[in-house]
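One letter stands for each residue in the lines below.
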Amino acid sequence: MRVLLPLLPCLFGFALLFDPPAVRAESAVKNVVIIFADDQGAHLGCLGTPGIETPHVDALAKKGVLFTKAYSSCASCSPSRSSLLTGMYPHSNGHWRNTITPKLTDPDKEFTRQGSRIDKVGIHEDIATLNEVLGQAGYYRAITQKLHLSPPWKYPFDARNPVGTNPAGFQKAIGQFIAQAGGKPFFIQANVAATHRPFPPHLKDLKDPLPELDAIPVLPYLPDTPAMRKDLQEYFGTVELADQCAGAILQALDEAGVRENTLIIYTSDQGEGYHRAKASAYEAGVHVPLVFSGPGIRQGVVTDGLASEIDLMPTVLDFLGLPVPETVQGISLRPFLTEGKGELRQYVFAEHNSHGPAPKEIYPSRACTDGRFFYILNLQPDKDYTLPADLTDAGPPWFNGSYQPALEAKDEFPEQYAKLQELLHGRPAEELYDLEADPGQLHNLAGEPGHRAQLEEMRRVVKEWRADTGDVGKDPREIKRRE
């Protein structure tokens, strides 16, 4: 049974959320390309981010629909990616933390049950993935950069290419995939590594100078120091590089003459690689770019309606006229994308369980937003939390760039320092933020009488969502994979 998540105007229930694809007007979409950036927050020229230039994705948005309030299900790579390809939340599909997976250059055997990199955490065997559904329908499936999905045999691809940041490499790889498809419809998951730490190795592929240091925004939860600006300059440089990779992918589609019947989606697995963003349930960790473009999709539409990445699988299948598995918890956005009809969400949900397998990194949280207010329920609020290595200056190859500046600037930026310490040593059981007045989520409103009604409503909504999606525990290690 498909889980109904809160929509406008109704809140909860269980039902088929949209008409079966067979009753829709026939779609001209034949192929699907998802351009999937790695750790890119909602930062694009078309999203109003100052100081950066992203002409290729901006042009894609002008030819399609841009969501300004789109969210991933989780701010860790593996759970987020499994959510996109199952249409389910991590606690529901079983893939609750990052996992060890084979490299794309490994032999085919490594992607089977006989592989040497099989993690005990991954999606349940009885859940259908987008890869499996498309394979059964005769689609050619290809992937770039990395897999980072578990278990690997649940995500079969017909071709793999490790290119991750080089625009020319992407143009060549996508062209080869299309040629190898031999006229069959294709699905390409074009993962782009550019915005993942460490930044310098990626930036050698950037064609242009880095963004102007004084023009870039210092994200409000971070201290505005020279060291912080330098690191942000590199991050925004990788955003521009990801845009150039996207441009190369689009050029390959044009050269092959297939763009006119291809659904193109640009998004990211999670927010930027800083503390209180990646590997957390805060808004900066799950707010991602989302653009849809392709045949039949309205052009030049910018919406502040809410969307979740668990909606991508049912949307893709709806465009292709393929059945949506009953396990899917997302909704199809096709009616909105094509006709401006259909309901968008009243609330979007996200979660964090643990970035990696180390028990010291486990910190389960549940988050909910209505686009204005952002609520977090911390399931183990008294637990000390250790930042994962890619969010601290613990040593190579990460060198985060925000952790140390926040420590060194504690007197000049006491709010940012206090929030870092709260992140590590005792977050409150509940947090509520007004994203319009406080985009950095520095002022917790959960204890203020003037926001009691909002807090109680969010608390109720999250409680019902958890019950509806089978989220009953406080320790994610209790989630055991169904073989």
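Look above for the structure.
These numbers come from a predicted model, not from an experiment. (Residues numbered from 1 in each chain as written. Predicted model: local features only at pLDDT ≥ 70, side-chain atom pairs only at ≥ 80, totals over all residues. Heavy atoms only, no water.)

Engineer: I keep staring at the environment of Glu431 and nothing clicks. Help me out?
Structural biologist: Structurally, the position occupied by Glu431 is in strand 14 (residues 430-434). In sequence terms Glu431 and Asn444 are 13 residues apart; their C-alpha atoms lie 5.7 Å from each other. If sequence neighbours within four positions are ignored, Glu431 has contacts with Arg276, Tyr282, Phe374, Tyr375, Ile376, Asn378, Glu422, Asn444 and Ala446. At 2.8 Å, the side chain of Glu431 forms a polar contact with the side chain of Asn378. (Helix = DSSP H or I, 4+ residues; strand = E, 2+ residues; numbered from the N terminus. Contact = heavy atoms within 4.5 Å. Polar contact = N/O pair within 3.5 Å; in protein donor to acceptor, adjacent residues only side chain to side chain.)

Engineer: Whenever I open this one, the side chain of Glu430 confuses me. Can you help?
Structural biologist: Examined against the element boundaries, Glu430 turns out to sit in strand 14. Within the structure, Glu430 has its side chain in polar contact with the side chain of Arg459 (distance 2.8 Å). With residues up to four places along the chain from it excluded, the contact list for Glu430 reads Tyr375, Ile376, Leu377, Asn444, Ala446, Leu455 and Arg459.

Engineer: I tried to follow the pattern of salt bridges on my own but got confused; where do I start?
Structural biologist: Once the charged atoms of two side chains with opposite charge are near each other, the side chains can pair. Tallying each qualifying case throughout the model produces 30 salt bridges. Across the pair Glu456 and Arg452 runs a salt bridge, and its minimum N-O distance is 3.1 Å. Linking Glu456 with Arg452, this pair stays in helix 13 (residues 452-468), spanning four residues, or about one helical turn. By relative accessible area, Arg452 is classed as exposed at 53%. (Salt bridge = Lys/Arg side-chain N within 4 Å of Asp/Glu carboxyl O. Buried < 20%, exposed > 50% of the residue type's maximum accessible area, 1.4 Å probe, protein only.)

Engineer: I'm lost on the side chain of Asp106 in this one. Help?
Structural biologist: Counting through the fold element by element, Asp106 comes out in the loop between helix 3 (90-93) and helix 4 (130-136). Within the structure, the side chain of Asp106 is placed 2.9 Å from the backbone nitrogen of Lys103, a separation counted as a polar contact. Within the local environment of Asp106, its side chain forms a polar contact with the side chain of Arg117, the two groups lying 2.3 Å apart. Dropping the residues within four chain positions of it, Asp106 is found in contact with Phe111, Arg117 and Arg160.

Engineer: Would you take a moment to explain unusual backbone geometry for this structure?
Structural biologist: Among all residues except glycine, the phi angle is most often negative; among peptide bonds, the trans geometry is most common. Along the chain, Ser150 connects to Pro151 via a cis peptide bond; the corresponding omega equals -10°. For Pro151, the location among the structural elements is in the loop between strand 5 (140-144) and strand 6 (159-161). Along the chain, Arg197 connects to Pro198 via a cis peptide bond; the corresponding omega equals -5°. When you line up the elements, Pro198 lands in the loop between strand 7 (186-192) and helix 6 (200-203). Phi is positive for Asp39, which is not a glycine, with a value near 70°. Summarising the element assignment, Asp39 is placed in the loop between strand 3 (31-37) and helix 1 (55-62). With phi around 65°, Arg276 is a residue other than glycine that occupies positive phi space. By the secondary structure assignment, Arg276 is in the loop between strand 8 (262-268) and helix 8 (283-286).

Engineer: Just checking my understanding: could you explain the nonpolar core for this structure?
Structural biologist: The nonpolar side chains of a soluble globular protein tend to be buried, and buried together. Ile174, Phe186, Ile188, Leu232, Leu253 and Tyr266 are the most contacted members of the largest nonpolar core, which totals 53 residues. Of all the elements, helix 7 (residues 226-256) adds the most residues to this core, at 14 residues. Leave out the neighbours within four places in its chain, and Ile174 touches Ile188, Ala190, Ile249, Ala252 and Leu253. Counting residues in hydrophobic clusters, the runner-up holds 44 residues, among them Phe67, Phe187, Phe292 and Val328. (Core = buried A, V, L, I, M, F, W, Y, C linked by side-chain atoms within 4.5 Å.)

Engineer: Sorry if this is basic, but what is going on with helix 1 here?
Structural biologist: Every α-helical turn comprises 3.6 residues, leaving residues that sit three or four positions apart pointing alike. Of the positions making up helix 1, those classed as buried are Val57, Asp58, Leu60 and Ala61. Projected down its long axis, helix 1 carries its buried residues within an arc of 160°, all on one side. Contacts made by the buried residues of helix 1 are with strand 4 (64-71), helix 7, strand 8 and strand 9 (287-293). (Arc of directions from axis to C-beta.)

Engineer: Just checking my understanding: could you explain the sheet that holds strand 5 for this structure?
Structural biologist: Within a sheet, neighbouring strands are paired by backbone hydrogen bonds and run either parallel or antiparallel to one another. Strand order across the open sheet formed by eight strands is 6-5-7-3-8-9-4-10, with mixed pairing between neighbours. Each edge of the open sheet carries a strand with a single partner, namely strand 6 and strand 10 (301-308). With direction set aside, neighbouring strand axes in the sheet form an average angle of 15°. Bridge count for strand 3 against strand 7 is six bridges, and the pairing is parallel. Counted as the bridge partner of Val32 is Phe187 from strand 7. Those strands touched by helix 5 (residues 167-181) are strand 5, strand 6 and strand 7, and its axis lies near 165° from that of strand 7. Along the sheet face, helix 9 (residues 312-320) touches strand 3, strand 8, strand 9 and strand 10 and points at about 175° away from the line of strand 8. (Pairing = 2+ DSSP bridges. Axes fitted to C-alpha atoms, helices over the stretch in contact; angles between N-to-C directions.)

Engineer: I tried to follow the packing of helix 5 against helix 7 on my own but got confused; where do I start?
Structural biologist: The angle between the axes and the distance between the axes are what describe a pair of packed helices. At a closest axis distance of 8 Å, the pairing of helix 5 and helix 7 adopts a crossing angle of 35°. For the pair helix 5 and helix 7, the sense of crossing is right-handed. Across the interface between the two elements, Pro167, Phe170, Gln171, Ile174, Gly175 and Ile178 from helix 5 touch Leu241, Gln244, Cys245, Ala248, Ile249, Gln251, Ala252, Leu253, Glu255 and Ala256 from helix 7. Among the residues making up the contact of helix 5 with helix 7, the classes are represented as eleven nonpolar, four polar and one charged. (Left-handed = near helix turned anticlockwise from the far one by under 90°. Nonpolar A, V, L, I, M, F, W, Y, C, P; charged D, E, K, R; others polar.)

Engineer: Where do I start with the sheet that holds strand 13 (residues 373-378) in this structure?
Structural biologist: Read from one edge of the open sheet, four strands run 11-12-13-14, paired in antiparallel fashion. Each edge of the open sheet is held by one strand with a lone partner, namely strand 11 (348-352) and strand 14. Direction aside, neighbouring strands of the sheet carry axes that sit 15° apart on average. Inspection of the sheet shows strand 13 paired to strand 14 by five bridges, in the antiparallel sense. In the strand pairing of strand 14, Tyr375 is matched with Leu432. Against the sheet, helix 13 engages strand 11, strand 12 (365-369), strand 13 and strand 14, with an angle of about 60° to strand 13.

So, to be careful, I would describe these as geometric facts and stop short of saying anything about function.
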